[in-house]
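Residue-level listing of the chains:
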Amino acid sequence: MRNKLAINLQDLLCQRTVESERIEYKAGRNPDPIIRTVCAFANDFENLGGGYIVIGQDCDENGQPIFPPAGLALNQLDKIQQELLAACQSIQPPYFPVLSAEVVEDRNLIVLHAPGGMTRPYKAPAFVTAKQRSLHYYIRRYTSTVEAKGETEKELLSLTAQVPWDDRYNRQAQVSDLSRSLMADYLREVGSALADGADALSVEELGRKMNLVGGASESCWPKNVGLLFFNDAPERFFPYTQIDVVWLPGGAGGDRIDEKIFKGPLPRMTREALAYIQRNYLHETVIKHPDRAEATRVWNFPYAALEEALVNAVYHRSYEERESIEVRITYDELVILSIPGPDRSIRLADFTAGRAVSRRYRNRRIGEFLKELELTEGRSTGVPKILKAMVTNGSPVPLFETDDDRCAYLIRLPVHPLAQARDLTSGEVTPEVPPKYPPSHPPSHPPSHPRSQMRRNGDERGIIATGTSRHYWLEGH
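Computed from a prediction, not measured in an experiment: that's the story for all the values here.

**Re the nonpolar core**
The biggest cluster of nonpolar side chains holds 71 residues, and the ones touching the most others in it are Met210, Phe229, Ile243 and Ile277. Top element by residues in this core is helix α9 (residues 303–316). It accounts for eight residues. Other than its neighbours up to four places away in sequence, phenylalanine 229 contacts Leu182, Pro265, Leu266, Pro267, Ile366, Phe369, Leu370 and Leu373. Ile34, Val38, Ala126 and Tyr138 belong to the second-largest nonpolar core, a separate cluster that totals 26 residues.

Next up, the structure:
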């Protein structure tokens, strides 16, 4: 039976969830460049998660796919697969990508999925068809496959047998610890063709097709990334896999602390924490002006910045450290703390300028699944998106902090000045409103039921609709 891809084929071809440097289009079937690129993806020099080779799909001078694709002759598919199998045997140590036969616009394609290998570095011949073949190391540089030479080759050799933690086997767990229902739900959400037959496959078979299970059939193991995404309680295997949302109404030195802990598979945990914070701690302030129709609208903390910062922490934290992700919220700022800090190659000054680019990713497989779920884009776009969201909202510049040893990473989102509590002195109030509070002591926790308040104070009128997380103000004439 031919394999089905674990991602959406159209998203792959159009580069919506997989970056262009992880995709290679080949209109023809020449095995020489194909094997060199397979070798480069297997070496996964930048820990991006390998890549895909689409055979039968041509592209323009800008690297964009051309539709309809060139396609492959139906009566040649089996022969091409046999040739590819024979050619892959020239890679050392042995490495074989996952092959899937696909049809796009009535044209036949072969897609090779080449994830980062477990026994890198790999060598491949420059010309598979040559009588005398010399083996070379190949890596990806942007959208090209190049030979690793000099210092680059030395760095590649230093990665020998260094498999990122999330792609390693977990020998404390069993394949049965993976949830087939969670895997099937994921495949349906991302629109994978593999979802159609998922219920008929065993957990091991489905896990192998999704690259979540490895090892010999008589001794197979789940990978860490599989337990993080497709087990209902990953904290059993990785303690403190959780997000702690902490509300400090009196600030860091106050006496009261409200805490809510989120656990579970990474997508569920992240989405539930984001929804909880958005529902309870984000509000929009609308200021109406007497001299113009347009009102000023600001959020205390823009959701786009919060989402990017929290997903960034889930993506890049170390799950080997027994430390949770902590979100601290006060009236002045929202702070997200994760451990450890960014790679030492990244200067802190580059963070504040939005130029931070990571040379190598800590959790390549976690990022792969988060991108498929459209929770992140990867490729060091998180910091620029946070900065853009804060600027668009008119908020103060966020702060990115770490120490010299990069033991922790902290993102501070300052509150928008116009969204801070205003003077709510006595006035006419509707009966539904709770007791008034001075400006320095707003309610210690957002109300759980929709309430509305109206007041008249001199020339100024305002409506606060806390149930809809929106504040309205009409400035004085």
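**As for helix α5 (residues 180–190)**
Those residues of α5 lying buried are Leu182, Met183, Ala184, Tyr186, Leu187 and Val190. After α5 finishes, the residue glycine 191 shows a positive phi value of roughly 75 degrees.

**Description of the pairing of strand β16 (residues 399–402)**
Where β16 lies against strand β17 (residues 409–414), four bridges are found, and the strand directions are antiparallel. Bridge pairing links threonine 402 to tyrosine 409 in β17.

**Things to note about the sheet that holds strand β3 (residues 98–104)**
Paired through backbone hydrogen bonds, the strands of a sheet run either parallel or antiparallel to each other. Reading across from one edge, β1-β2-β4-β3 is the order of the four strands in this open sheet, with mixed pairing throughout. Every other strand in the sheet has two partners, leaving β1 (23–26) and β3 as the edge strands with one partner each. Pairs of neighbouring strands in the sheet enclose a mean axial angle of 20 degrees, with direction left out of account. When β1 meets strand β2 (residues 51–55), the two strands line up parallel, connected through four bridges. Following the sheet pairing, lysine 26 is matched in β2 by isoleucine 55. Contacting β1, β2 and β4 (107–114), helix α2 (residues 31–43) crosses the sheet at an angle of about 165 degrees to β2. Lying on the sheet, helix α3 (residues 77–88) is in contact with β2, β3 and β4; it crosses β4 at an angle near 20 degrees.

**Details of α3**
Helix length check: α3 (twelve residues) gives 16 Å between terminal C-alpha atoms against 16 Å at 1.5 Å per residue, within 8%. Listed in full, the buried residues belonging to α3 are Leu77, Ile80, Gln81, Leu84, Ala87 and Cys88. All buried residues of α3 lie within an arc of 125 degrees about the axis, which places them on one face of the element.

**Section: the packing of α9 against helix α12 (residues 382–393)**
In a pair of packed helices, the angle between the axes and the distance between the axes together describe the arrangement. Following both chains from N to C, one finds α9 and α12 inclined at 160 degrees, their axes separated by 8 Å at the closest point. Relative to α12, the element α9 lies roughly antiparallel. Considering only the axes of α9 and α12, their crossing is left-handed. For the pair α9 and α12, contact is made by Ala304, Ala305, Glu308 and Ala309 and by Gly382, Lys385, Ile386, Ala389 and Met390, respectively.

**Concerning the environment of aspartate 78**
Positionally, aspartate 78 belongs in helix α3. Measuring from C-alpha to C-alpha, the distance between aspartate 78 and alanine 101 comes to 9.9 Å, with 23 residues separating the pair along the chain.

**What to know about the packing of aromatic side chains**
Taken as a whole, this structure holds 13 aromatic pairs when the rule is applied. Measuring from ring centre to ring centre gives 5.2 Å for tyrosine 95 and tyrosine 122, while their planes differ by 65 degrees; the resulting arrangement is edge-to-face. Residue tyrosine 95 is found in the loop between α3 and β3, and its partner tyrosine 122 is found in the loop between β4 and β5 (123–125); the two are separated by 27 residues along the sequence. The same class applies to tyrosine 95 and to tyrosine 122, which are both buried. Judged by centre distance (5.0 Å) and plane angle (80 degrees), the ring pair of tryptophan 247 and tyrosine 331 falls under edge-to-face. Taken together, the positions of tryptophan 247 in strand β10 (residues 243–247) and tyrosine 331 in the loop between β14 (325–329) and β15 (333–338) put the pair 84 residues apart, joining distant regions of the chain. The class of tyrosine 331 is partly exposed, set by a relative accessible area of 30%. Site record: aromatic cluster; members linked through ring pairs are Trp247, Phe262, Tyr276, Tyr281 and Tyr331. Above the ring of phenylalanine 127, the side-chain terminus of arginine 36 is found at 5.8 Å from the ring centroid.

Parameters at a glance
- Residues numbered from 1 in each chain as written.
- Predicted model: local features only at pLDDT ≥ 70, side-chain atom pairs only at ≥ 80, totals over all residues.
- Heavy atoms only, no water.
- Core = buried A, V, L, I, M, F, W, Y, C linked by side-chain atoms within 4.5 Å.
- Buried < 20%, exposed > 50% of the residue type's maximum accessible area, 1.4 Å probe, protein only.
- Helix = DSSP H or I, 4+ residues; strand = E, 2+ residues; numbered from the N terminus.
- Contact = heavy atoms within 4.5 Å.
- Pairing = 2+ DSSP bridges.
- Axes fitted to C-alpha atoms, helices over the stretch in contact; angles between N-to-C directions.
- Expected span 1.5 Å × (residues − 1).
- Arc of directions from axis to C-beta.
- Parallel < 35°, antiparallel > 145°, perpendicular 65-115°, else oblique.
- Left-handed = near helix turned anticlockwise from the far one by under 90°.
- Phe/Tyr/Trp six-rings, centres within 6.5 Å; stacked < 30°, edge-to-face > 60°.
- Lys NZ or Arg CZ within 6 Å of the ring centre and 35° of its normal.

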